[in-house]
Amino acid sequence: MSGPKSFDISKRVVYEAYRKVKANSGAAGVDGESIAQFEQDLNGNLYKLWNRLSSGSYFPPPVRMVEIAKPGGRGVRVLGVPTVADRIAQTVVAMYLEPLVEPVFHSDSYGYRPQRSALDAVGACRQRCWRTDWVIDLDIQGFFDNLDHDLVLKAVAHHTDQRWILLYVQRWLNAPLQQQDGSLVAWDRGSPQGSVISPLLANLFMHYAFDAWMGRTFPAVSFERYCDDVVVHCRSEAEAHQVRDAIAVRLAECGGLQLHPDKTRIVYCRDGKRRGSAKHTALTFLGYTFRSRKVRARDGSYFFSFNPAISDEAAKRIRAQIRAWRLHLRSGSTLQDLARTINPIVRGWIAYYGRFYKSALVFSPKGINEYLMRWTMQKYKRMRRRRRRARQRLVVVARHDPGLFAHWQLVKP
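Residues numbered from 1 in each chain as written. Predicted model: local features only at pLDDT ≥ 70, side-chain atom pairs only at ≥ 80, totals over all residues. Heavy atoms only, no water.

### Regarding the side chain of Thr83
Here Thr83 lies in the loop between strand E2 (76–81) and helix H4 (84–101). Classification of Thr83 by relative accessible area gives buried; the value is 4%. Contacts of Thr83, omitting those with residues within four sequence positions, involve Gly29, Val30, Asp31 and Pro61. (Helix = DSSP H or I, 4+ residues; strand = E, 2+ residues; numbered from the N terminus. Buried < 20%, exposed > 50% of the residue type's maximum accessible area, 1.4 Å probe, protein only. Contact = heavy atoms within 4.5 Å.)

### Details of the environment of Lys412
Following the sequence through the fold, Lys412 ends up in the segment after helix H13 (387–400). Distance in space between the C-alpha atoms of Lys412 and Lys366 is 8.3 Å, their sequence separation being 46 residues. Every residue in contact with Lys412, bar those within four places of it in the chain, is listed here: Asn369 and Ala398. At 2.8 Å, the side chain of Lys412 forms a polar contact with the backbone oxygen of Trp408. (Polar contact = N/O pair within 3.5 Å; in protein donor to acceptor, adjacent residues only side chain to side chain.)

### What to know about the side chain of His149
Locating His149 in the fold gives a position in helix H6 (residues 149–157). A relative accessible area of 7% means that His149 is categorised as buried. Not counting chain neighbours up to four residues away, the residues in contact with His149 comprise Leu173, Asn174, Trp187, Asp188, Arg189 and Gly190.

### Considering the sheet that holds strand E1 (residues 63–69)
Ordered in space as E2-E1-E4-E5, the four strands form an open sheet in which the pairing is mixed. Of all strands in the sheet, those bounded by a partner on one side alone are E2 and strand E5 (184–185). (Pairing = 2+ DSSP bridges.)

### What to know about H6
Every buried residue of H6 is accounted for by His149, Val152, Leu153, Ala155 and Val156. For H6, the angular spread of the buried residues around the axis is 160°, confining them to a single face. Facing away from the buried side of H6 by over 90 degrees, the exposed positions are Asp150 and Lys154. Taken together, the buried residues of H6 touch H4, helix H7 (163–174) and helix H8 (198–217). Measuring from the side-chain oxygen of the N-cap residue of H6 to the backbone nitrogen of Asp150 gives 3.0 Å; that N-cap residue is Asp148. (Arc of directions from axis to C-beta.)

### Thoughts on the nonpolar core
Counting residues in hydrophobic clusters, the biggest one holds 68 residues, and the most contacted among them are Ile88, Met214 and Val232. Here the element with the most residues in this core is H8; it accounts for 10 residues. If near-sequence neighbours (up to four positions away) are discounted, Met214 is found in contact with Pro219, Val221, Phe223, Val232, Val243 and Ile247. Grouped together as the second largest cluster of nonpolar side chains are 50 residues, Val135, Tyr288, Leu338 and Trp408 included. (Core = buried A, V, L, I, M, F, W, Y, C linked by side-chain atoms within 4.5 Å.)

### Things to note about the sheet that holds strand E11 (residues 302–310)
Taken together, three strands build an open sheet; the order of strands is E9-E10-E11 and the sheet is antiparallel. For this open sheet the edge positions go to strand E9 (283–285) and E11, each flanked by a neighbour on one side alone. Taking each pair of neighbouring strands and ignoring which way they run, the sheet shows an average axis angle of 50°. For strand E10 (residues 288–296) and E11, the ladder comprises nine bridges, and the chain directions are antiparallel. Looking at the pairing, Val295 lines up with Phe303 of E11. (Axes fitted to C-alpha atoms, helices over the stretch in contact; angles between N-to-C directions.)

### Looking at the confidence of the model for the protein
The share of residues in the protein with pLDDT of 70 or more is 97%, and the mean pLDDT across the chain is 92. At the low end of the mean pLDDT range in the protein sits E2, at 81; at the high end sits strand E6 (residues 223–226), at 98. (pLDDT = per-residue confidence, 0-100.)

Listed below in C-alpha coordinates is the structure:
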(Lines give C-alpha, C1' and ligand atoms only; values in the text may rest on other atoms or scores of the structure.)
Protein backbone atom coordinates (compact mmCIF):
# COMPACT_ATOMS: atom_id res chain seq x y z
CA MET A 1 0.00 0.00 0.00
CA SER A 2 1.37 3.41 -0.92
CA GLY A 3 0.85 6.41 1.36
CA PRO A 4 -0.88 9.70 0.53
CA LYS A 5 0.55 11.56 -2.44
CA SER A 6 1.89 15.08 -2.45
CA PHE A 7 0.22 15.84 -5.78
CA ASP A 8 -3.17 14.79 -7.15
CA ILE A 9 -2.37 13.35 -10.59
CA SER A 10 -4.87 11.08 -12.32
CA LYS A 11 -3.78 7.58 -13.29
CA ARG A 12 -6.12 7.84 -16.27
CA VAL A 13 -4.24 10.92 -17.53
CA VAL A 14 -0.95 9.01 -17.25
CA TYR A 15 -2.44 6.19 -19.33
CA GLU A 16 -3.81 8.63 -21.93
CA ALA A 17 -0.39 10.29 -22.08
CA TYR A 18 1.17 6.87 -22.82
CA ARG A 19 -1.32 6.36 -25.67
CA LYS A 20 -0.39 9.73 -27.18
CA VAL A 21 3.33 8.93 -26.97
CA LYS A 22 2.76 5.52 -28.55
CA ALA A 23 0.80 7.08 -31.42
CA ASN A 24 3.65 9.52 -32.11
CA SER A 25 6.28 6.71 -31.92
CA GLY A 26 9.77 8.23 -31.70
CA ALA A 27 13.30 7.05 -31.01
CA ALA A 28 14.71 5.76 -27.74
CA GLY A 29 16.34 8.11 -25.25
CA VAL A 30 19.55 7.76 -23.23
CA ASP A 31 18.38 4.44 -21.69
CA GLY A 32 17.98 2.84 -25.12
CA GLU A 33 14.46 1.69 -24.24
CA SER A 34 11.97 1.59 -27.12
CA ILE A 35 8.21 1.88 -26.75
CA ALA A 36 7.92 -1.88 -27.39
CA GLN A 37 10.36 -2.57 -24.55
CA PHE A 38 8.52 -0.15 -22.26
CA GLU A 39 5.31 -2.04 -23.01
CA GLN A 40 6.76 -5.37 -21.86
CA ASP A 41 5.86 -4.29 -18.32
CA LEU A 42 3.39 -1.57 -19.23
CA ASN A 43 1.29 -1.58 -16.05
CA GLY A 44 4.34 -1.68 -13.80
CA ASN A 45 6.15 1.07 -15.69
CA LEU A 46 3.11 3.35 -15.78
CA TYR A 47 2.40 2.80 -12.10
CA LYS A 48 6.04 3.55 -11.20
CA LEU A 49 5.93 6.74 -13.27
CA TRP A 50 2.61 7.86 -11.73
CA ASN A 51 3.92 7.10 -8.24
CA ARG A 52 7.03 9.22 -8.74
CA LEU A 53 5.14 12.08 -10.37
CA SER A 54 2.54 12.10 -7.59
CA SER A 55 5.10 12.05 -4.80
CA GLY A 56 7.33 14.77 -6.28
CA SER A 57 10.24 12.35 -6.60
CA TYR A 58 10.36 12.21 -10.40
CA PHE A 59 13.63 13.53 -11.80
CA PRO A 60 13.95 13.50 -15.59
CA PRO A 61 17.02 11.74 -17.02
CA PRO A 62 19.29 13.58 -19.47
CA VAL A 63 17.99 13.95 -23.01
CA ARG A 64 19.92 12.28 -25.82
CA MET A 65 21.49 14.85 -28.11
CA VAL A 66 20.97 14.33 -31.85
CA GLU A 67 22.37 16.68 -34.48
CA ILE A 68 20.28 17.15 -37.63
CA ALA A 69 21.79 18.89 -40.65
CA LYS A 70 19.97 22.07 -41.60
CA PRO A 71 18.83 22.44 -45.24
CA GLY A 72 21.34 23.98 -47.58
CA GLY A 73 24.34 23.03 -45.47
CA ARG A 74 23.64 25.82 -42.95
CA GLY A 75 25.09 23.99 -39.94
CA VAL A 76 23.20 21.62 -37.62
CA ARG A 77 20.09 21.75 -35.47
CA VAL A 78 20.40 20.17 -32.03
CA LEU A 79 17.50 17.97 -30.96
CA GLY A 80 16.99 16.47 -27.52
CA VAL A 81 15.40 13.00 -27.44
CA PRO A 82 13.83 12.17 -24.04
CA THR A 83 13.30 8.62 -22.83
CA VAL A 84 9.89 6.99 -23.40
CA ALA A 85 8.97 7.39 -19.72
CA ASP A 86 10.04 11.04 -19.78
CA ARG A 87 7.96 11.71 -22.91
CA ILE A 88 4.95 10.28 -21.09
CA ALA A 89 5.67 12.44 -18.03
CA GLN A 90 5.98 15.56 -20.20
CA THR A 91 2.72 14.68 -21.95
CA VAL A 92 0.99 14.40 -18.56
CA VAL A 93 2.06 17.95 -17.67
CA ALA A 94 1.12 19.23 -21.14
CA MET A 95 -2.35 17.67 -20.80
CA TYR A 96 -2.91 19.54 -17.52
CA LEU A 97 -1.32 22.82 -18.64
CA GLU A 98 -2.66 23.16 -22.20
CA PRO A 99 -6.35 23.67 -21.26
CA LEU A 100 -5.27 26.47 -18.92
CA VAL A 101 -3.27 28.44 -21.49
CA GLU A 102 -5.01 27.59 -24.77
CA PRO A 103 -7.97 29.97 -24.25
CA VAL A 104 -5.70 33.00 -23.89
CA PHE A 105 -3.48 32.32 -26.89
CA HIS A 106 -3.67 34.69 -29.86
CA SER A 107 -5.89 33.77 -32.80
CA ASP A 108 -2.91 34.11 -35.16
CA SER A 109 -0.69 31.72 -33.21
CA TYR A 110 -0.83 28.50 -35.25
CA GLY A 111 2.00 26.24 -34.12
CA TYR A 112 1.36 23.02 -32.17
CA ARG A 113 -2.17 24.01 -31.23
CA PRO A 114 -5.40 21.98 -31.48
CA GLN A 115 -7.56 22.70 -34.53
CA ARG A 116 -4.81 24.83 -36.13
CA SER A 117 -2.15 23.96 -38.67
CA ALA A 118 0.73 25.33 -40.68
CA LEU A 119 -1.53 25.41 -43.74
CA ASP A 120 -3.95 27.67 -41.85
CA ALA A 121 -1.05 30.05 -41.25
CA VAL A 122 -0.01 29.95 -44.93
CA GLY A 123 -3.61 30.65 -46.00
CA ALA A 124 -3.95 33.60 -43.63
CA CYS A 125 -0.60 34.95 -44.80
CA ARG A 126 -1.69 34.73 -48.45
CA GLN A 127 -4.89 36.71 -47.79
CA ARG A 128 -3.05 39.45 -45.91
CA CYS A 129 -0.28 39.72 -48.50
CA TRP A 130 -3.00 40.57 -51.03
CA ARG A 131 -4.28 43.36 -48.77
CA THR A 132 -1.01 44.93 -47.55
CA ASP A 133 2.06 45.74 -49.60
CA TRP A 134 4.90 45.00 -47.19
CA VAL A 135 5.82 42.17 -44.82
CA ILE A 136 8.52 41.57 -42.23
CA ASP A 137 9.92 38.05 -42.52
CA LEU A 138 11.16 37.53 -38.95
CA ASP A 139 13.88 35.07 -37.96
CA ILE A 140 14.76 34.81 -34.26
CA GLN A 141 18.34 33.70 -33.89
CA GLY A 142 18.73 30.45 -31.92
CA PHE A 143 15.26 30.78 -30.40
CA PHE A 144 14.99 27.40 -28.66
CA ASP A 145 18.61 27.58 -27.48
CA ASN A 146 18.11 30.97 -25.82
CA LEU A 147 14.77 30.81 -24.03
CA ASP A 148 15.06 32.52 -20.64
CA HIS A 149 14.14 29.95 -17.98
CA ASP A 150 12.95 32.51 -15.43
CA LEU A 151 10.59 34.13 -17.93
CA VAL A 152 9.23 30.74 -19.02
CA LEU A 153 8.55 29.75 -15.40
CA LYS A 154 6.98 33.15 -14.71
CA ALA A 155 4.61 32.63 -17.66
CA VAL A 156 3.67 29.12 -16.45
CA ALA A 157 3.10 30.36 -12.89
CA HIS A 158 0.75 33.03 -14.24
CA HIS A 159 -1.65 30.31 -15.41
CA THR A 160 -1.51 27.64 -12.70
CA ASP A 161 -1.09 27.33 -8.96
CA GLN A 162 -0.32 23.62 -9.29
CA ARG A 163 3.09 23.39 -7.64
CA TRP A 164 3.95 20.09 -9.30
CA ILE A 165 3.58 21.55 -12.81
CA LEU A 166 6.09 24.30 -12.02
CA LEU A 167 8.38 21.81 -10.29
CA TYR A 168 8.61 19.48 -13.27
CA VAL A 169 8.79 22.22 -15.88
CA GLN A 170 11.79 23.61 -14.01
CA ARG A 171 13.42 20.18 -13.85
CA TRP A 172 12.93 19.66 -17.58
CA LEU A 173 14.38 23.06 -18.38
CA ASN A 174 17.45 22.15 -16.34
CA ALA A 175 17.84 18.56 -17.60
CA PRO A 176 21.26 18.17 -19.29
CA LEU A 177 21.95 16.97 -22.81
CA GLN A 178 23.92 13.74 -23.17
CA GLN A 179 26.31 13.77 -26.11
CA GLN A 180 27.24 10.72 -28.18
CA ASP A 181 30.38 10.14 -26.10
CA GLY A 182 28.27 10.04 -22.92
CA SER A 183 29.36 13.42 -21.60
CA LEU A 184 26.69 15.76 -20.21
CA VAL A 185 26.12 19.34 -21.29
CA ALA A 186 24.37 21.51 -18.72
CA TRP A 187 22.55 24.68 -19.68
CA ASP A 188 20.92 27.54 -17.84
CA ARG A 189 18.79 28.77 -20.75
CA GLY A 190 16.98 27.22 -23.70
CA SER A 191 14.66 24.25 -24.17
CA PRO A 192 15.66 21.37 -26.45
CA GLN A 193 13.67 20.85 -29.63
CA GLY A 194 12.32 17.33 -29.67
CA SER A 195 10.79 17.29 -26.21
CA VAL A 196 7.01 17.07 -25.80
CA ILE A 197 6.68 20.05 -23.46
CA SER A 198 8.98 22.38 -25.41
CA PRO A 199 6.48 23.59 -28.06
CA LEU A 200 3.89 24.46 -25.41
CA LEU A 201 6.46 26.36 -23.35
CA ALA A 202 7.71 28.15 -26.46
CA ASN A 203 4.17 29.19 -27.39
CA LEU A 204 3.52 30.44 -23.86
CA PHE A 205 6.77 32.42 -23.86
CA MET A 206 6.05 33.96 -27.29
CA HIS A 207 2.49 34.80 -26.29
CA TYR A 208 3.80 37.28 -23.74
CA ALA A 209 7.03 38.24 -25.49
CA PHE A 210 5.42 38.86 -28.87
CA ASP A 211 1.69 38.19 -29.45
CA ALA A 212 0.19 40.11 -26.54
CA TRP A 213 2.81 42.84 -26.89
CA MET A 214 1.99 43.29 -30.60
CA GLY A 215 -1.70 43.57 -29.70
CA ARG A 216 -0.91 46.40 -27.26
CA THR A 217 1.78 48.20 -29.25
CA PHE A 218 0.66 47.78 -32.86
CA PRO A 219 -3.04 46.81 -32.72
CA ALA A 220 -3.57 47.58 -36.44
CA VAL A 221 -0.67 45.37 -37.57
CA SER A 222 -1.55 41.73 -38.30
CA PHE A 223 0.79 38.74 -38.21
CA GLU A 224 0.96 34.95 -38.40
CA ARG A 225 3.17 33.05 -35.97
CA TYR A 226 4.03 29.36 -36.08
CA CYS A 227 6.11 28.91 -32.92
CA ASP A 228 9.18 31.08 -33.67
CA ASP A 229 8.44 31.52 -37.39
CA VAL A 230 6.70 34.88 -37.86
CA VAL A 231 5.41 37.04 -40.72
CA VAL A 232 4.22 40.60 -39.94
CA HIS A 233 2.13 42.63 -42.42
CA CYS A 234 2.63 46.38 -42.84
CA ARG A 235 1.01 49.06 -44.97
CA SER A 236 4.22 50.85 -45.97
CA GLU A 237 7.96 50.33 -46.05
CA ALA A 238 8.41 53.00 -43.38
CA GLU A 239 5.97 51.21 -41.08
CA ALA A 240 7.78 47.91 -41.71
CA HIS A 241 11.11 49.43 -40.61
CA GLN A 242 9.50 50.98 -37.54
CA VAL A 243 7.80 47.73 -36.47
CA ARG A 244 10.90 45.62 -37.12
CA ASP A 245 13.06 47.90 -34.98
CA ALA A 246 10.50 47.87 -32.17
CA ILE A 247 10.29 44.06 -32.29
CA ALA A 248 14.09 43.83 -32.06
CA VAL A 249 14.05 45.96 -28.90
CA ARG A 250 11.19 43.97 -27.42
CA LEU A 251 12.87 40.58 -28.00
CA ALA A 252 16.13 41.88 -26.52
CA GLU A 253 14.17 42.80 -23.37
CA CYS A 254 12.81 39.23 -23.22
CA GLY A 255 15.95 37.38 -22.25
CA GLY A 256 18.27 38.88 -24.85
CA LEU A 257 16.72 37.28 -27.94
CA GLN A 258 17.98 38.67 -31.25
CA LEU A 259 16.67 38.90 -34.79
CA HIS A 260 18.94 37.20 -37.31
CA PRO A 261 20.60 40.09 -39.20
CA ASP A 262 20.62 38.29 -42.58
CA LYS A 263 17.47 36.17 -42.45
CA THR A 264 15.14 38.87 -41.12
CA ARG A 265 13.94 40.74 -44.20
CA ILE A 266 11.51 43.43 -45.24
CA VAL A 267 9.71 42.16 -48.34
CA TYR A 268 7.64 44.00 -50.94
CA CYS A 269 4.62 41.99 -52.13
CA ARG A 270 5.20 42.73 -55.77
CA ASP A 271 2.67 41.43 -58.32
CA GLY A 272 0.92 42.50 -61.52
CA LYS A 273 -0.52 45.67 -59.97
CA ARG A 274 2.16 46.46 -57.38
CA ARG A 275 5.15 47.07 -59.64
CA GLY A 276 7.47 49.02 -57.39
CA SER A 277 11.04 47.91 -56.74
CA ALA A 278 12.61 46.60 -53.54
CA LYS A 279 15.60 44.54 -52.46
CA HIS A 280 13.39 41.59 -51.50
CA THR A 281 10.22 40.63 -53.37
CA ALA A 282 9.76 37.06 -52.11
CA LEU A 283 9.49 35.38 -48.72
CA THR A 284 9.54 31.76 -47.55
CA PHE A 285 7.18 30.70 -44.78
CA LEU A 286 6.52 27.15 -43.57
CA GLY A 287 7.87 25.48 -46.71
CA TYR A 288 6.10 27.83 -49.13
CA THR A 289 7.71 30.64 -51.12
CA PHE A 290 5.51 33.68 -51.73
CA ARG A 291 6.23 35.68 -54.88
CA SER A 292 4.56 37.04 -57.99
CA ARG A 293 3.05 34.10 -59.92
CA LYS A 294 0.92 33.73 -63.03
CA VAL A 295 -2.67 32.89 -62.06
CA ARG A 296 -5.68 32.05 -64.21
CA ALA A 297 -8.83 34.02 -63.52
CA ARG A 298 -12.34 32.53 -63.66
CA ASP A 299 -12.93 34.04 -67.08
CA GLY A 300 -9.86 32.26 -68.48
CA SER A 301 -7.58 35.29 -68.54
CA TYR A 302 -4.26 35.41 -66.72
CA PHE A 303 -2.81 37.87 -64.23
CA PHE A 304 0.09 38.02 -61.78
CA SER A 305 -0.63 37.62 -58.06
CA PHE A 306 1.54 37.36 -54.94
CA ASN A 307 1.01 33.67 -54.18
CA PRO A 308 2.60 30.79 -52.26
CA ALA A 309 3.94 27.61 -53.84
CA ILE A 310 6.28 24.88 -52.65
CA SER A 311 9.69 26.40 -51.87
CA ASP A 312 12.83 25.37 -53.76
CA GLU A 313 14.25 24.06 -50.50
CA ALA A 314 11.23 21.82 -49.84
CA ALA A 315 11.22 20.59 -53.44
CA LYS A 316 14.90 19.74 -53.15
CA ARG A 317 14.22 17.70 -49.99
CA ILE A 318 11.48 15.77 -51.80
CA ARG A 319 13.77 14.95 -54.71
CA ALA A 320 16.50 13.84 -52.29
CA GLN A 321 14.03 11.53 -50.55
CA ILE A 322 12.97 10.03 -53.90
CA ARG A 323 16.60 9.34 -54.78
CA ALA A 324 17.22 7.77 -51.38
CA TRP A 325 14.43 5.23 -51.95
CA ARG A 326 16.49 3.68 -54.81
CA LEU A 327 13.32 2.19 -56.26
CA HIS A 328 15.08 0.98 -59.42
CA LEU A 329 17.14 -1.47 -57.36
CA ARG A 330 14.14 -3.15 -55.72
CA SER A 331 13.57 -5.66 -58.51
CA GLY A 332 12.51 -8.27 -55.96
CA SER A 333 9.42 -6.20 -55.16
CA THR A 334 6.21 -5.78 -57.11
CA LEU A 335 4.73 -2.45 -58.17
CA GLN A 336 2.15 -2.95 -55.43
CA ASP A 337 4.96 -3.39 -52.88
CA LEU A 338 6.61 -0.16 -54.03
CA ALA A 339 3.30 1.70 -53.91
CA ARG A 340 2.57 0.56 -50.35
CA THR A 341 6.03 1.75 -49.30
CA ILE A 342 6.01 5.24 -50.77
CA ASN A 343 2.32 6.22 -51.04
CA PRO A 344 1.85 7.35 -47.40
CA ILE A 345 4.80 9.75 -47.75
CA VAL A 346 3.76 11.01 -51.19
CA ARG A 347 0.19 11.59 -49.99
CA GLY A 348 1.62 13.71 -47.18
CA TRP A 349 3.57 15.82 -49.70
CA ILE A 350 0.48 16.32 -51.86
CA ALA A 351 -1.76 17.14 -48.89
CA TYR A 352 0.67 19.79 -47.62
CA TYR A 353 2.46 21.26 -50.64
CA GLY A 354 -0.49 20.76 -52.99
CA ARG A 355 -2.83 23.03 -51.02
CA PHE A 356 -1.62 26.20 -52.76
CA TYR A 357 -0.47 26.55 -56.38
CA LYS A 358 -0.53 22.79 -56.88
CA SER A 359 1.03 22.90 -60.34
CA ALA A 360 4.41 23.85 -58.85
CA LEU A 361 4.49 20.54 -56.96
CA VAL A 362 4.39 18.43 -60.15
CA PHE A 363 8.10 18.70 -60.89
CA SER A 364 9.26 17.06 -57.66
CA PRO A 365 7.36 13.71 -57.68
CA LYS A 366 7.76 13.50 -61.47
CA GLY A 367 11.10 11.80 -60.82
CA ILE A 368 9.32 8.79 -59.31
CA ASN A 369 8.16 7.80 -62.80
CA GLU A 370 11.77 7.81 -63.99
CA TYR A 371 12.73 5.41 -61.22
CA LEU A 372 9.71 3.20 -61.98
CA MET A 373 10.83 2.96 -65.63
CA ARG A 374 14.31 1.97 -64.48
CA TRP A 375 12.72 -0.55 -62.10
CA THR A 376 10.75 -2.02 -65.02
CA MET A 377 13.89 -2.38 -67.15
CA GLN A 378 15.70 -4.02 -64.24
CA LYS A 379 12.78 -6.33 -63.41
CA TYR A 380 12.05 -7.67 -66.90
CA LYS A 381 14.88 -8.93 -69.10
CA ARG A 382 12.97 -8.25 -72.32
CA MET A 383 12.88 -4.57 -71.44
CA ARG A 384 16.54 -4.07 -70.59
CA ARG A 385 17.76 -0.84 -72.17
CA ARG A 386 14.31 -0.30 -73.74
CA ARG A 387 13.01 2.83 -72.06
CA ARG A 388 10.17 3.35 -74.50
CA ARG A 389 8.72 -0.12 -73.91
CA ALA A 390 9.18 0.26 -70.14
CA ARG A 391 7.29 3.54 -70.21
CA GLN A 392 4.52 2.05 -72.35
CA ARG A 393 4.09 -0.72 -69.78
CA LEU A 394 3.71 1.85 -66.98
CA VAL A 395 1.18 3.76 -69.11
CA VAL A 396 -0.89 0.58 -69.43
CA VAL A 397 -0.68 -0.06 -65.67
CA ALA A 398 -1.71 3.53 -64.90
CA ARG A 399 -4.65 3.26 -67.29
CA HIS A 400 -5.95 0.12 -65.60
CA ASP A 401 -5.13 1.17 -62.02
CA PRO A 402 -4.80 4.98 -61.93
CA GLY A 403 -4.79 5.07 -58.12
CA LEU A 404 -1.93 2.59 -57.68
CA PHE A 405 0.65 5.34 -57.05
CA ALA A 406 -0.40 8.48 -55.21
CA HIS A 407 1.69 10.77 -57.40
CA TRP A 408 -0.18 9.67 -60.53
CA GLN A 409 -2.93 12.11 -59.58
CA LEU A 410 -0.39 14.83 -60.36
CA VAL A 411 1.71 13.40 -63.16
CA LYS A 412 1.04 10.28 -65.22
CA PRO A 413 3.93 8.13 -66.53
